[in-house]
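Understanding the architecture of this molecule
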Amino acid sequence: MAVDVLAEILTNRALSRDYNVLGFAAPEIARLARPGQFVMVRPTSGNDPLLRRPFSIFEILRDDRRQPIGVSILNKNVGVGTSRLYAARPGDRLSILGPLGRSWLDVFADAPGHESWFVAGGVGLAPFLTLAEHTAADKRPMRLFYGGRSQSDLYYASLFEDLGASLHLTTEDGTAGEKGRVTLPLERELKARGGRPVTLYACGPTPMMRAVAALGASLHAPTVVSLEPVMGCGMGGCYSCVVKVSGADQHPHFVRSCLEGPVFDAKRVQWEALAH
Amino acid sequence: MARDLSVQIGSLTLKNPIIAASGCFGYGLEYAGSLDVSALGGVASKGLFLKEREGHPPPRIVETPSGMLNAIGLQGIGVHRYVAEKLPELRRLGVTNIVNICGTTLDEYCEVARVLSDHEGVAALELNISCPNIKEGGIQFGCSLTGTYDVVSAVRKVTTLPIIPKLTPNVTDVASFARASEEGGADAVSLVNTFLAMAIDVETRTPKLSNMLGGLSGPAIRPIAVRMVYECHQAVKLPIIGMGGIQSATDVIEFLIAGASAVQVGTANFVDPFIWTKLTDGLADYMDRHGIGRVSEITGSLRKNT
Ligand SMILES: Cc1cc2nc3c(=O)[nH]c(=O)nc-3n(C[C@H](O)[C@H](O)[C@H](O)COP(=O)(O)O)c2cc1C
């Protein structure tokens, strides 16, 4: 079930000239949301741009008594819609629709004894915080592999640390963490893990997710990815957000990622058919 | 005052004149978890061929000023899976199903129509002869007067369900296609489907859609669609289902005044899936303010400028 809330913006934290975190007063959505689900945000009440934008639910916002009062999204300012969201002011109201899509947990229920390793690139961090809270509540071991171009792309890693995750940070320019791609420490740690079973959860640029899926396949770690195709409606109405995945019949089919995803078992994804 | 939102489209009675447009509301069940789909005037299903279709590779949509282009390529489950997997639940929910049917040949249209006629729960058939996004089928009939007549009269012979050809705006004189539909035995016509269009990424000099061309929908097309509904209303006696860019009750009423008996809403549902009650409430409010008892009093009620 999805609800549409004309939500007051509670906070707008600019993280840099590119990134901000917008908090919305939307208790109904916060109560219903499960880890990895998304919302469709309408950047304006007018027609420019016309369509909503999909965003992973980043934080569940809570009051002093820990009651859910809203959700936040991690926005990257890349176009007309996201630039409006970057400039939005507390007190403004924007329409947000959700929660939508399947949860990480719908794809892989927590396998007993598995460690959860999260692999995030840039704003791909967004769907992991709710999963980390869930994992922490279960007292299961977790790690965050988090990569960006440079230090200014890496945010909120400490939130994960506070929840008990061990961190592996990478930057391509070496300004923070290890220099190089996030798959570097991931591969090393996978190889060094001995017999411990690990589940990989990945979200970020498509080439990164594809590389993680390949590592997961060759190093025997079940892998779940959260894909981010262009979406029209988020409700299954328009058939624009399709991704090609292998079906129960083992043949590849286009499926709507708003309904069957955005989270998929990486084994099913036909990577060469993904638009970038 | 007593006012009645129901409308008559030939032999078909709709609770209200506001229908979800084909290709913009899945098969209807997608929305059933979030809203009462049976409260809509009707649901025009995603276009159905006899067999399943994969559709075009992404990217399938791109936004343009006050609108969007789509080239979905009629991905769909085919009529047999529709009647087996969707129709029973739609029927249980009490949805008024206007099934949008496609074909690459006359025989295919007829076969799809036959399958649907054999099942309970189908209120009407909308003949998609206007999809601009696939090469074979549909548009080749919809862009030719004899093709339009042939499809309508062929389907007429195999079903007693109301048939509603959906017209393309990508022709010089849309009214002549409404006339060909009337002569072929249609019960109503619906218009408009999307306008053939194109968008280019100037940095890469590549088309923004994988299919290169797509159909323009949304508020950008509304004034042209209103004009076309008006022209058809002047030309035929058939009831008209108007659409193109409707976003508000005012837009609904504009189409009714131009000559529509009912309307469909597509793109605006993507923006606001809960738009339906807003539109019916706004229409009811208008009728109350103007002392109108029945929606049909609004249809074709355009006054001359003085
Ligand atoms: C994503 C998308 C898919 C569509 N698919 C179909 C379809 O399967 N069959 C059809 O007859 N029309 C289809 N249409 C056309 C719409 O039903 C409608 O005629 C058109 O979009 C104009 O109305 P609107 O501006 O309210 O969207 C589609 C439109 C869109 C935007």
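Quick look at the structure, then.

1. Concerning the overall build of chain B
In terms of regular secondary structure, chain B is built from nine helices and 16 strands. By the compact-globule yardstick of 19 Å for 306 residues, chain B fits well, its C-alpha radius of gyration being 18 Å. Structurally, chain B occupies a C-alpha span of about 55 × 50 × 40 Å along its principal axes. When the 306 residues of chain B are sorted by exposure, 61% land in the buried category. Put simply, chain B shows about 11800 Å² of open surface, and 52% of that area lies on carbon and sulfur atoms. In chain B, which carries 26 positive and 30 negative side-chain charges, the distance between the mean positions of the two groups comes to 2 Å.

2. Focus: the environment of L50(B)
All names here are of chain B. Structurally, the position occupied by L50 is in the loop between β4 (42–44) and β5 (61–64). A residue is classified by how much of its surface remains accessible, and L50, at 23% relative accessible area, is partly exposed. For L50 and Y82, which are 32 residues apart along the polypeptide, the C-alpha to C-alpha distance reads 9.9 Å.

3. A closer look at the side chain of N97(B)
Residue and element names in this part refer to chain B. Position of N97 relative to the elements: it lies in strand β7 (residues 97–101). A distance of 3.0 Å separates a polar atom in the side chain of N97 from the backbone oxygen of G121. Once residues within four sequence positions are removed from consideration, N97 is found in contact with V43, Y82, L87, L90, G121, V122, A123 and A124.

4. Points about the packing of aromatic side chains
Applying the stated criterion to the full structure yields eleven aromatic pairs over all chains. Each ring, one from F118(A) and one from F128(A), has its centre 5.4 Å from the other, and the planes form 25°; the classification is stacked. Here F128(A) lies in helix α4 (residues 128–137) and F118(A) lies in strand β8 (residues 115–121), a separation of ten residues in the sequence. For the pair F118(A) and F128(A), a shared accessibility class is recorded, and that class is buried. Plain terms: the ring middles of F25(B) and Y31(B) are 4.1 Å apart, the flat faces sit at 5° to each other, and that makes the pair stacked. Here the two residues F25(B) and Y31(B) agree in accessibility, since each one is buried. Cluster of aromatic residues (ring-pair linked, three or more members): W104(A), F118(A), F128(A) and Y201(A). Lying over the aromatic face of F254(A), K244(A) brings its terminal NZ or CZ to 4.5 Å of the ring centre.

5. Remarks on the sheet that holds β5(B)
Residue and element names in this part refer to chain B. Taking strand neighbours across the sheet as the criterion, the four strands line up as β5-β6-β14-β11 in an open arrangement whose pairing is antiparallel. Each end of this open sheet is capped by a strand with a single partner; those strands are β5 and β11 (195–198). In this sheet, adjacent strand axes meet at a mean angle of 40° when their direction is disregarded. In this sheet, strand β14 (residues 213–217) lies alongside β11 in antiparallel orientation, the contact comprising four bridges. Looking at β14, one finds that L196 is bridged to G215.

6. Considerations on the side chain of K46(B)
Counting through the fold element by element, K46(B) comes out in the loop between β4 and β5. Once residues lying within four places of it in the same chain are set aside, the contact partners of K46(B) are Y239(A), S22(B), G23(B), G26(B), Y27(B), I72(B), L74(B), Q75(B) and N100(B).

7. Description of the interface of chain A and chain B
The interface is formed by 31 residues belonging to chain A together with 32 residues belonging to chain B. Of the roughly 2600 Å² buried between chain A and chain B on both sides combined, carbon and sulfur atoms contribute 59%. On the chain A side of the interface with chain B, the three residues burying the most area are L50(A), Y239(A) and F254(A), jointly 27% of the side's total. Viewed at the interface, chain B and chain A are joined by two salt bridges.

8. Quick word on the site of the ligand
Around the ligand, 26 residues are found, and the nearest of them are S22(B), K166(B), G218(B), G245(B) and T267(B). More than a single chain frames the ligand: its nearby residues are located in chains A and B. At a separation of 2.7 Å, an oxygen atom of the ligand approaches a polar side-chain atom of K166(B). The contact in question runs from an oxygen atom of the ligand to an N or O atom on the backbone of G218(B), over 2.9 Å. Protein coverage of the free-state accessible area of the ligand, which is 610 Å², stands at 98%.

9. A word on a nonpolar patch on the surface
All names here are of chain B. Taken together, the side chains of L196, M198, I200, M212 and L213 present a nonpolar region at the surface, about 430 Å² in accessible area. Tracing the backbone shows I200 in strand β12 (residues 200–201). We classify I200 as partly exposed; its relative accessible area is 46%.

10. A few points about the environment of L6(A)
All names here are of chain A. By secondary structure assignment, the location of L6 is in strand β1 (residues 3–14). Judged by relative accessible area, L6 falls into the exposed class, the value being 55%. Aside from chain neighbours lying at most four places away, what touches L6 is R93, L94 and S95.

11. Some remarks on the sheet that holds strand β2 (residues 19–25) of chain A
Across a sheet, strands are paired by hydrogen bonds formed along the backbone, either parallel or antiparallel in direction. Residues and elements named next belong to chain A. Read from one edge to the other, the open sheet built from seven strands follows the order β4-β3-β7-β1-β2-β6-β5, with strand pairing classed as antiparallel. Where the open sheet ends on each side, the last strands, each with one partner, are β4 (53–56) and β5 (60–62). The sheet shows a mean angle of 40° between the axes of neighbouring strands, taken without regard to direction. Relative to strand β7 (residues 93–100), β1 runs antiparallel, the two being bridged by six bridges. The residue of β7 that forms the bridge with E8 is R93.

About the cut-offs
- Residues numbered from 1 in each chain as written.
- Chains lettered and ligands numbered in written order.
- Predicted model: local features only at pLDDT ≥ 70, side-chain atom pairs only at ≥ 80, totals over all residues.
- Heavy atoms only, no water.
- Helix = DSSP H or I, 4+ residues; strand = E, 2+ residues; numbered from the N terminus.
- Rg over C-alpha atoms; globule rule 2.2 N^0.38 Å.
- Buried < 20%, exposed > 50% of the residue type's maximum accessible area, 1.4 Å probe, protein only.
- Areas by Shrake-Rupley, 256 points an atom, 1.4 Å probe, with all protein chains shown as cover.
- Lys, Arg positive; Asp, Glu negative; His and termini not counted.
- Charge placed at Lys NZ, Arg CZ, Asp CG, Glu CD.
- Polar contact = N/O pair within 3.5 Å; in protein donor to acceptor, adjacent residues only side chain to side chain.
- Contact = heavy atoms within 4.5 Å.
- Phe/Tyr/Trp six-rings, centres within 6.5 Å; stacked < 30°, edge-to-face > 60°.
- Lys NZ or Arg CZ within 6 Å of the ring centre and 35° of its normal.
- Pairing = 2+ DSSP bridges.
- Axes fitted to C-alpha atoms, helices over the stretch in contact; angles between N-to-C directions.
- Buried area = accessible area lost by both parts, 1.4 Å probe.
- Salt bridge = Lys/Arg side-chain N within 4 Å of Asp/Glu carboxyl O.
- Near = heavy atom within 4 Å.
- Patch = residues over 30% accessible without salt bridge, like charges linked within 9 Å, V, L, I, M, F, W, Y side chains within 5 Å.

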